[in-house]
Structure formats: structure tokens, C-alpha cells
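Understanding the architecture of this molecule
Below are the chains, spelled out letter by letter.
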Amino acid sequence: MSNLELEQQLLSLDLEERIHILQLLAQSLTVPRASQPSRAPDELDLTRDRSPEHPLRGIPITISPDFDEPMPELWDAFEQ
């Protein structure tokens, strides 16, 4: 089957079927869950694109739970 025939056949499917196929394709491009290291929910995975120009990408980032809490004492210090 040529690419054009495949494209025409895919476009003839309804939206739900196309989304399902898209999900299957996306899953086939990713690493299986079983082989991925487990991470804490507040860690970002920046190890996918390791390169010598970016040596810090393999280091996990942890964000404090109170990172967005107001800091009135800081604003008071700025006013002085």
C-alpha cells in the first residue's frame, strides 16, 4: 500500500478511530513504561536529550511545595 493510499484510508476514518491510531503511533515511539525509572511526581525528566552541551539535563529538579506561597517579609525588605 502506498503512502497516499494509506493517507486516504486514514482520513476516511471517523475522528475517534484516528485519535486511537494516533495514540498507538505515539506509544510506539516512546520507551515502554516498565523500562522507565520511577520518579517522584515533582521531578521533571530532562534526560531524554543528553548532550555534552547540556551537562545539567540529567539532574532531577525538585520544586518545593511552598514555592508559590506569598512572602510579605521579602516585599517589606524591598520597601526599606
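What comes next is a walk through the structure. For every chain, the first residue of the written sequence is number 1, and numbering continues from 1 onward in sequence order. Side-chain atom pairs in this predicted model are given and counted only at pLDDT of 80 or more, local residue features only at pLDDT of at least 70, and totals for whole chains, interfaces and linings cover all residues. Values shown for side chains rest on all heavy atoms present in the structure; no hydrogens or waters enter the calculation.

**Concerning the overall build of the protein**
The condition is simple: Numbering of helices and strands runs from the N terminus, with a helix taken as a DSSP run of H or I at least four residues long and a strand as a DSSP run of E at least two residues long. For every residue, the accessible area obtained with a 1.4 Å probe (protein chains only) is divided by the maximum for its type, and the residue is called buried under 20%, exposed over 50%, and partly exposed between those limits.
Assigned secondary structure in the protein consists of three helices and zero strands. Put simply, the protein runs from its N terminus to its C terminus through helices and strands in the order α-α-α. Expressed as a percentage of its 80 residues, the buried residues of the protein come to 1%.

**Thoughts on the packing of aromatic side chains**
Cut-off, in case you're wondering: Each pair of aromatic rings taken from Phe, Tyr and Trp, with Trp reduced to its six-membered ring, is defined by centres within 6.5 Å and is described as stacked if the planes are under 30 degrees apart, edge-to-face if over 60, and tilted in the remaining cases.
Enumeration according to the criterion identifies one aromatic pair in this entry. An angle of 65° between the planes, with centres 5.6 Å apart, marks the rings of W75 and F78 as edge-to-face. Placement of the pair is W75 and F78 together in helix α3 (residues 72–79), with a separation of three residues, close to one helical turn. Each member of the pair, W75 together with F78, is exposed.

**Brief notes about a nonpolar patch on the surface**
Where we set the bar: Here the term patch refers to residues with relative accessible area over 30% and no salt bridge, with like charges joined within 9 Å and nonpolar side chains (Val, Leu, Ile, Met, Phe, Trp, Tyr) within 5 Å. Using the Shrake-Rupley algorithm and a 1.4 Å probe, accessible areas are obtained, with residue cover drawn only from the displayed protein chains. Only one rule defines a salt bridge in this text: a Lys or Arg side-chain nitrogen within 4 Å of an Asp or Glu carboxyl oxygen.
A surface patch of nonpolar side chains, about 460 Å² in accessible area, is lined by M71, L74, W75 and F78. A relative accessible area of 57% places F78 in the exposed class.

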